[in-house]
Amino acid sequence: MTVANPFVPPGDDPYADGPLDPDLHAGWFVDDVGGHGARLADFAQQLHVPGIARRGRLVVVEGPERSGKTTLVNRCVQLVRERTPRGTVLSTLDLRSVSHTKPDGALRSGHEMRWTVCRHALEEASWLTDEQRTRGADMLERPSVEECDPGLVYRFMRRNLVEDRIAVVLLPTGPADIDAANLETYDGWMGPGMLFFAERTTTPGSMPLVRRPPRPDSLPLLSLPLRHLEPGEAWTVVERRLSAIPPGSGLPRVTEETLRRIEGLNRDDQHTIGWVVALFRRLYGRRISGRSEFDGLPFIEFPEVTDLLARREPEAP
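This is a predicted model, so every value here is computed, not measured.

Examining the overall build of the protein
Within the protein, the regular secondary structure consists of eleven helices and seven strands. In terms of principal-axis extent, the alpha carbons of the protein reach across some 65 × 45 × 40 Å. Of the contacts formed within the protein by residues at least 6 apart in sequence, a portion of 77% connects residues at least 24 apart. Looking at the protein as shown, the accessible area adds up to about 15,500 Å², and 52% of this sits on carbon and sulfur atoms. Side chains of the protein carry 40 positive and 46 negative charges; the gap between the two charge centres is 3 Å.

Put into structure tokens, the structure is as follows:
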């Protein structure tokens, strides 16, 4: 019987490096690294679902590449679902599949991205009638696609939310410079009944988002910043996953000293929870499939790690 890779969640593609789904991977979260638990607690403390009907909000999860931004958004949305009172309908518009590139490969401008996201939102908004969708689509064409104001359509959609319905909108992620401008625009469109979630990839030189003054119809932008792993946190991530290995599996172990050496060679801009999990997914995948030159050794040592990092091959399970 093939032993399961301890770094691949059940049912996931072993080649993929995707976010965790709270409904499927409840036991896979590591809250005490990268700021995840603290940021989820911040959101939980400020979340009052009935209040969204009166004042909307934009929530932005910020952090470096592969720091778990999408996973945190998924967990926040799950918390919204859990706290939605009986009798209130929660509609979720997941627009994260909207690409920041056009079919011809060219990058969409900020206006083109906002227009495309708005067009998809019209199609996904379950509370709109066909007549209302047609009207909204017409608004996106006047006076032209280039000169229209997508914000008018969002406000139109918002006005058609009935009192017992709340809309959660998951925005797509694009290049950092376009994202900053888009998010500031989305923040200005907030209003009763709508809770927007967005992700923003940051670097050490990223400018903070502009925060508008509070308005009567919406709460101020809420930023949930994630960070790189601090010394010792990589060991926490790996040790947590290795604790799930059943006795007698034959899988190798890892020492804390090896993790310290990995932290020493890794660049700060890469040292995130996603990077660590992907690295060990590949290491254990090679051992399980018998493709590693280190098969049979009881521990994954530092030379095995550097050997894998030096290879120019696609990630394997």
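Once you've had a look at it, read on.
Some details on the pairing of strand S3 (residues 165-170)
Regular strands place side chains that alternate from one sheet face to the opposite one. Burial of S3 is extensive: six of the six residues sit out of reach of the surface. The two faces of S3 match: Arg165, Ala167 and Val169 on one face and Ile166, Val168 and Leu170 on the other face are all buried. Examined bridge by bridge, strand S2 (residues 89-94) and S3 share six bridges and lie parallel to one another. Considered in S3, the bridge of Ser91 is made with Ala167. As defined by bridge partners, S3 adjoins strand S4 (residues 194-201) across four bridges and the pair is classed as parallel.

Details of helix H8 (residues 233-242)
Of all the positions in H8, only Glu233, Ala234, Val237, Val238, Arg241 and Leu242 are classed as buried. Where H8 is buried, its residues meet strand S6 (253-254), helix H9 (256-265) and helix H10 (273-289).

Re the packing of H8 against H10
Running from N to C, H8 and H10 cross one another at 45°; their axes reach a closest spacing of 10 Å. The pairing of H8 with H10 is recorded here as oblique in orientation. In the crossing of H8 with H10, the sense of the turn from one axis to the other is right-handed. Contacts between H8 and H10 involve Ala234, Val237, Val238 and Leu242 from the first element and Ile273, Val276, Val277, Phe280 and Tyr284 from the second. Broken down by class, the residue content of the contact of H8 with H10 amounts to nine nonpolar, no polar and no charged.

A few points about empty space enclosed by the protein
This model, assessed by the stated rule, comprises two cavities of 30 Å³ or more. Estimated volume of the second largest cavity: approximately 40 Å³. Every residue along the wall of the second largest cavity is listed here: Leu283, Arg286, Ser292, Phe294, Glu304, Asp307 and Leu308. Elements with a minimum of two residues in the lining of the second largest cavity: H10 and helix H11 (302-310). Ranked by residue count, the leading element in the lining of the second largest cavity is H11, at three residues. The residue inventory of the lining of the second largest cavity, partitioned by class, reads three nonpolar, one polar and three charged.

What about the side chain of Glu62?
Assignment of secondary structure puts Glu62 in strand S1 (residues 57-63). Reaching out from Glu62, the side chain makes a polar contact with the side chain of Arg200 at a distance of 2.9 Å.

A few points about unusual backbone geometry
Between Arg142 and the following residue, Pro143, the backbone shows a cis peptide bond with an omega angle of -5°. Note that Pro143 resides in the loop between helix H5 (130-139) and helix H6 (150-159). Even without a glycine there, the phi angle at Arg66 is positive, about 65°. Examined against the element boundaries, Arg66 turns out to sit in the loop between S1 and helix H3 (69-83). A relative accessible area of 33% places Arg66 in the partly exposed class.

Scoring rules and cut-offs
- Residues numbered from 1 in each chain as written.
- Predicted model: local features only at pLDDT ≥ 70, side-chain atom pairs only at ≥ 80, totals over all residues.
- Heavy atoms only, no water.
- Helix = DSSP H or I, 4+ residues; strand = E, 2+ residues; numbered from the N terminus.
- Contact = heavy atoms within 4.5 Å.
- Areas by Shrake-Rupley, 256 points an atom, 1.4 Å probe, with all protein chains shown as cover.
- Lys, Arg positive; Asp, Glu negative; His and termini not counted.
- Charge placed at Lys NZ, Arg CZ, Asp CG, Glu CD.
- Buried < 20%, exposed > 50% of the residue type's maximum accessible area, 1.4 Å probe, protein only.
- Pairing = 2+ DSSP bridges.
- Axes fitted to C-alpha atoms, helices over the stretch in contact; angles between N-to-C directions.
- Parallel < 35°, antiparallel > 145°, perpendicular 65-115°, else oblique.
- Left-handed = near helix turned anticlockwise from the far one by under 90°.
- Nonpolar A, V, L, I, M, F, W, Y, C, P; charged D, E, K, R; others polar.
- 1 Å grid on protein atoms, 1.4 Å probe; cavity = no way out; pocket = protein on both sides within 12 Å on 5 of 7 lines; lining within 4 Å.
- Points joined across faces, edges and corners; volume = space filled by probe spheres on them.
- Polar contact = N/O pair within 3.5 Å; in protein donor to acceptor, adjacent residues only side chain to side chain.

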